[in-house]
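# Residue-level structure breakdown
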Amino acid sequence: MIPRHSPRTLDDMRPAGAFVASVLQRVSQAAIPGANLLDLDALAHEMIRESGAISCYVDYHPSFGGSPFGKVICTSVNDAALHGLPHDYTLEHGDLLSLDFAVSLNGWVTDSALSLIVGGTGTTEDQRLIDTCEEALLAGIAAATPGNRLGDISAAIGAVSRAAGYSVNTDFGGHGVGRTMHEDPSIPNDGSAGSGPALKPGMVFAIEPWLMHTTDEIYTDADGWTLRSADGSRSAHVEHTVAITKTGPLVLTART
Ligand code: MG
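A brief structural summary. (Residues numbered from 1 in each chain as written. Predicted model: local features only at pLDDT ≥ 70, side-chain atom pairs only at ≥ 80, totals over all residues. Heavy atoms only, no water.)

## Looking at the sheet that holds strand 14 (residues 248–251)
Read across the open sheet, the 5 strands follow the order 7-6-8-13-14; overall the sheet is antiparallel. Each edge of the sheet is formed by a strand with only one pairing partner; in this case those strands are strand 7 (183–187) and strand 14. Neighbouring strand axes in the sheet, compared pairwise and without regard to direction, differ in orientation by 25° on average. On the sheet, helix 1 (residues 7–30) packs against strand 8 (204–207), strand 13 (240–245) and strand 14 and is oriented at approximately 165° with respect to strand 13. (Pairing = 2+ DSSP bridges. Helix = DSSP H or I, 4+ residues; strand = E, 2+ residues; numbered from the N terminus. Axes fitted to C-alpha atoms, helices over the stretch in contact; angles between N-to-C directions. Contact = heavy atoms within 4.5 Å.)

Set out below in structure tokens:
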């Protein structure tokens, strides 16, 4: 059963979306060569304290996590694909950093991620990986309209990813979001167009393509959290929380 929310409730979710967007913007600006991942987490933590939001990550302890996450933002560097646990690491020029962040504010959760190249310039291959993720995200968002089916979102993401020559891991992907961070449905990053439940106004999804250069397999780091590419190749990950409305997709976590 996919929860649906009224237009008024979608309005109530906007502050959470704007806050998540502002934190990602601020932390990405701080993610310069010489910055430590622990400082980026501290910055996000300070913004959470000032806002009255509640971190979705700090106490997060699902079956696959070795212990509660303990930090408020995911910082995945280079071969770290997802769930990068902030640790004592100083960013270097050319690192590929993905930030993933979710909070509850006024009782509503939003979730968003971005990838960037530290220092602004990296390899063309890394930039292409990020660009493809962003293109896949836009395609997934465009498919999030009434009249489509859930599989249309997955198919749109998968088509962009595969057309660019990447293989897609479908074990971790998007999800419904609302009162909690992970709700029905799960949204794999590849699938069959025209399949799955019909999309209806009021559904809210976190849509999150992620890609690795030369593999679709991952393993869990010794920290119990960070998921790394099986072959050491770099990864990118982007995400928005998107509401389906009568007039089309509404990106709640849009950055200005
Ligand atoms: Mg996320």
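What follows continues from the structure just given.
## Some words on the packing of aromatic side chains
A complete count under the given rule lists 4 aromatic pairs for this structure. Between F19 and F101 the ring centres are 6.3 Å apart and the planes differ by 55°, which places this aromatic pair in the tilted class. Pair noted here: F19 is in helix 1 and F101 is in strand 4 (residues 96–105), with a separation of 82 residues, a long-range link. With respect to class, F19 is no different from F101; both count as buried. (Phe/Tyr/Trp six-rings, centres within 6.5 Å; stacked < 30°, edge-to-face > 60°. Buried < 20%, exposed > 50% of the residue type's maximum accessible area, 1.4 Å probe, protein only.)

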